[in-house]
Amino acid sequence: MTDVRVAAKGRGAHRTIAAALAAAPAGATVTVAPGTYTESLALTRRVVIEPEAGAGTVRLRPAAGPAVTVTAPGCVLRDLTLAGDDAAGTLVRVEDAAGLLVERCALTGGRVEVLGSAAGTSAVANTALTVDGTLAPELADPVDGGGVLVLDGARLSGARGTALHLVGDARTRAVDTVVDEVDGIGVVLSGQAVLLAERLRVSGTSGSGVRARGASRLLARECVVRGAGRHGVLVEDEAEAALTDCRVEDAARSGVRVGHGARGTLTDCRITAAGGHGVEAEDRARAVVRDCRVERPGGHGVRAAGAAGVLVAGSLVADTGACGIWLGGHAHGTVEGGRLYGVREHGVAVAGSATAEVSDTAVTEPGLCGLHAEEAARLVVTGLRLRGAETGVRVRSVTEEPSELRGCTLAGQRRSGVELGPDSAAVLTDVRVTGAGGAGVAVDAGGRLTLTGGTVSGAAGSGVVLERGAVAEVRALRVADCGKNGILVGEAVTGSFDHCDLSGSAFPAVHVGKGAEVRFRGCRVFDCGQDVGLADGAEPVFEDCAAVRVRTAVLPALSDRANPPAAPGPGTGGAHGDAPSAKGPGAGAADLWRQGEPEPEPETLEDLLAELDELVGLDGVKRDVSGMVKLMQTVRLREQAGLPAPPLSRHLVFAGNPGTGKTTVARLYGRLLKALGLLARGHLVEVDRSALVGEYVGHTGPKTTEAFHRARGGVLFIDEAYALVPAGAANDFGTEAVATLVKLMEDHRDEVVVIAAGYPGDMERFVASNPGLSSRFSRTLLFADYSSAELVSIVEHHAQRHRYELTDAARRALASYVETLPRGAQFGNGRTARQLFQAMTERQAMRMAELTDPDSAQLMQLDEQDLL
């Protein structure tokens, strides 16, 4: 190999790099002495240019035009700095059929341009390239045409328009390369160009991070696109992008956008904090999101419109500003094995004529509906697991084919589990709805329901509600423990109910409205006060139906029947799997179908007061609560004696700093009131401003009412209640929440206890903000900060619960350490104690890991060295 030297002086050295190139034979290495060289180079034969004294010692500035133009294959630039004067101009140009390797170079102040062949002769070969391709053969001899560029450890910065532009059938591989500080798009692909990227990092672009157009291909692995001023990755026309184990972060618009007829495949990627949507597909585009995490987008997690298609498989979509997945137009989406949580609006929403196929997917606590369909859209759902939501599955679309739900579980919806809008249709098979705050399944006027198997249990409203003119075909459904009717049939409803079991309804198990034409065949009613209620003029048909343990029965008792109806057999999705069977041949009707689990043993006042007394500190609070219990016991005695009860407000203000036990005492207070017989359930519903206040006019009242009704029979605990009335905000929606609360507290004064909690000074302002509050919150409990000794006791309490023991030295060190903690606004009281305990156990675990065979005493012991 021939070496050619460039230096300002010295025998045999060329004074310029251009002169050295002119003298260098093919395959030569040109070594350059330190310095700044102002010249424009043309690489017309295979050469290597590198600094004599190492990276950063040679700086090349273009005299005119590009600093380097490459027309030969197999050229190398190594450890150089190229600095252009025109950020919008070309700094390095790789011509057709040329090849350039750029190793550890810094290229600033212009773009790198790789040109394709005029005839696009390498376009077909480009389609066979994979992300594992090195481009080494093409770099040495690009016989198919089109320029070839390999960037290895390079940095491209300070360009305007784009930093790297691939044209025609050009090919580029970028490894461990950085593209940043670009006034425009970081990387642009067009024509049939291909970019193979591995550990490429693109950041600080005012436009999109990477843009693929035409029929180009972007194949990327372990790359990062961060802080793009528009989209993170933009794929258009008929281009293709395949991203594997990549991260797209903080894009101002969509994280990944695929439009026109392009295709985008994301595998094991993380799309985080996009200002718009996480992943977006438009027009005829196709997007695949597999084993990815899409988190914290400002808009939808995944959005498809036009005639686009998306597949979301095994992926997490979380903390979205709008819907988890939204489909519109004629889009088609498939969601398989997904997880959606923290979604601000609907988990999955479809509109227009879109279709969503959802299978084996979990949706947790969306802000609105778990699944929502409107206009002419359709849902096909299998194996959905939905927890929380305002409404579980809501269908408000009119389609030729009904939406379908099969094998789904819906739990804890604030309103209905399943809701069909006017003239909408759905087929439900083996769907389980539990704990709905309203109806289990609700069908609006003209809606059409086909329901086979499954259960509706624990609904606060009716199990199944059919509004006027609805049509229903229901078979083998089990309805249990509903707060109103088991099945409520409105006026002019038509349909049939075959082999259904209803039990434990607070209202008549079946209510039939006027003019309804419905038939009940082989149905059974258990453990209700009344089996059937009929409106005037209602004439339902009951065939082979029976009542068991019903106080007021229209249907014949099961023991009176010669041939009682059989439970639906296996495979029908009926009640056979949940209802207990008879004890044996000849068992009587009184021993059949005992519903649910046995009631828990009632808690006694003595046990609950003892539990209160065991809490660390809180002496004043304990005295106040014990005194209120005695007062309420006296009220109960007066009522039992037929004497009028004195006026008594059970609503409380808990004033104290964070971590002082307010929530714990509130939970105990509810259980105490239940033990006294003053509350039906005694449960605690914890809310804050976000759970009560809406974002637009008319939204706050319903949200507050919904939260209040969830607490009926128990305690509504409003944390940081003062946030409902921000200081200096005259027109805040929080005042509507307060007004709604005041009215609900009056309307349901014997059903709900409200506890408002927060800082002492702020709670005074809260109570004074509305006359209705000051009259209802007449008692305030002050929660003092824990003393140092009490904090040590809390740590010891956590240790005992988890079977740890503090040594005497650890106890002394802990007491000394706690004394030094600043007691400012950020002090966490009991939370600080819990965090201290957790930190000690973590340090102890690290210490134990260094021992060969620690015994049980060592594993339980927390020493002073675990504190620091």
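Residues numbered from 1 in each chain as written. Predicted model: local features only at pLDDT ≥ 70, side-chain atom pairs only at ≥ 80, totals over all residues. Heavy atoms only, no water.

A.B. asks: So what exactly am I meant to see when it comes to helix α6 (residues 662–675) here?
C.D. replies: The α-helix advances 3.6 residues per turn, and as a result positions three or four apart in sequence lie on the same side. An ideal rise of 1.5 Å per residue puts 20 Å on 14 residues; α6 measures up with 20 Å between its terminal C-alpha atoms. K662, V665, A666, L668, Y669, G670, L672 and L673 are the residues of α6 that are buried. Positioned one or two residues after α6, G677 has a phi angle of 80 degrees, which is positive. (Helix = DSSP H or I, 4+ residues; strand = E, 2+ residues; numbered from the N terminus. Expected span 1.5 Å × (residues − 1). Buried < 20%, exposed > 50% of the residue type's maximum accessible area, 1.4 Å probe, protein only.)

A.B. asks: Any chance you could explain empty space enclosed by the protein here in plain terms?
C.D. replies: Sizing a probe to match a water molecule and rolling it over the atoms shows the empty space that remains. The full count for this structure, using the stated rule, is five cavities of 30 Å³ or more. When its volume is computed, the largest cavity comes out at roughly 90 Å³. Around the largest cavity, the lining comprises 14 residues; the ones closest to its centre are V210, L218, A220, C223 and V225. Secondary-structure elements contributing two or more residues to the lining of the largest cavity are β19 (194–198), β22 (217–221) and β26 (247–249). For the lining of the largest cavity, a count of residues per class yields 13 nonpolar, no polar and one charged. (1 Å grid on protein atoms, 1.4 Å probe; cavity = no way out; pocket = protein on both sides within 12 Å on 5 of 7 lines; lining within 4 Å. Points joined across faces, edges and corners; volume = space filled by probe spheres on them. Nonpolar A, V, L, I, M, F, W, Y, C, P; charged D, E, K, R; others polar.)

A.B. asks: Quick question: what am I supposed to make of the pairing of strand β20 (residues 201–205) here?
C.D. replies: Regular strands show a simple pattern: their side chains alternate between the two faces of the sheet. Summarising the sheet, strand β18 (residues 178–189) and β20 pair through four bridges and their orientation is parallel. Each residue of the ladder has a partner; that of V179, found in β20, is V202. Where β20 and strand β23 (residues 224–226) come together, three bridges link them in parallel fashion. Paired with V202 across the two strands is V225, which belongs to β23. (Pairing = 2+ DSSP bridges.)

A.B. asks: In this structure, what is going on with unusual backbone geometry? I would like to understand it.
C.D. replies: Phi is mostly negative for residues that are not glycine, and the peptide bonds are mostly trans. Although it is not a glycine, E181 adopts a positive phi angle of roughly 55 degrees. Of note, E181 is situated in strand β18.

A.B. asks: How do you make sense of the confidence of the model for the protein chain when you look at a structure like this?
C.D. replies: Should the pLDDT be low somewhere, the predicted coordinates at that spot are not to be read in detail. A residue-level look at the protein chain finds 93% of positions with pLDDT of 70 or above and a mean pLDDT of 88. A low-confidence stretch, residues 559–599 (pLDDT under 50), is modelled with 59 contacts involving residues beyond four sequence positions or located in other chains. (pLDDT = per-residue confidence, 0-100. Contact = heavy atoms within 4.5 Å.)

A.B. asks: Explain the layout of surface pockets to me, please; I cannot follow it from the model alone.
C.D. replies: In this structure, the largest pocket spans a volume of roughly 990 Å³. Around the largest pocket sit 31 residues that line it, and G437, A460, G461, R681 and H709 are the ones nearest its centre. Of the residues that constitute the lining of the largest pocket, the class distribution is eight nonpolar, twelve polar and eleven charged.

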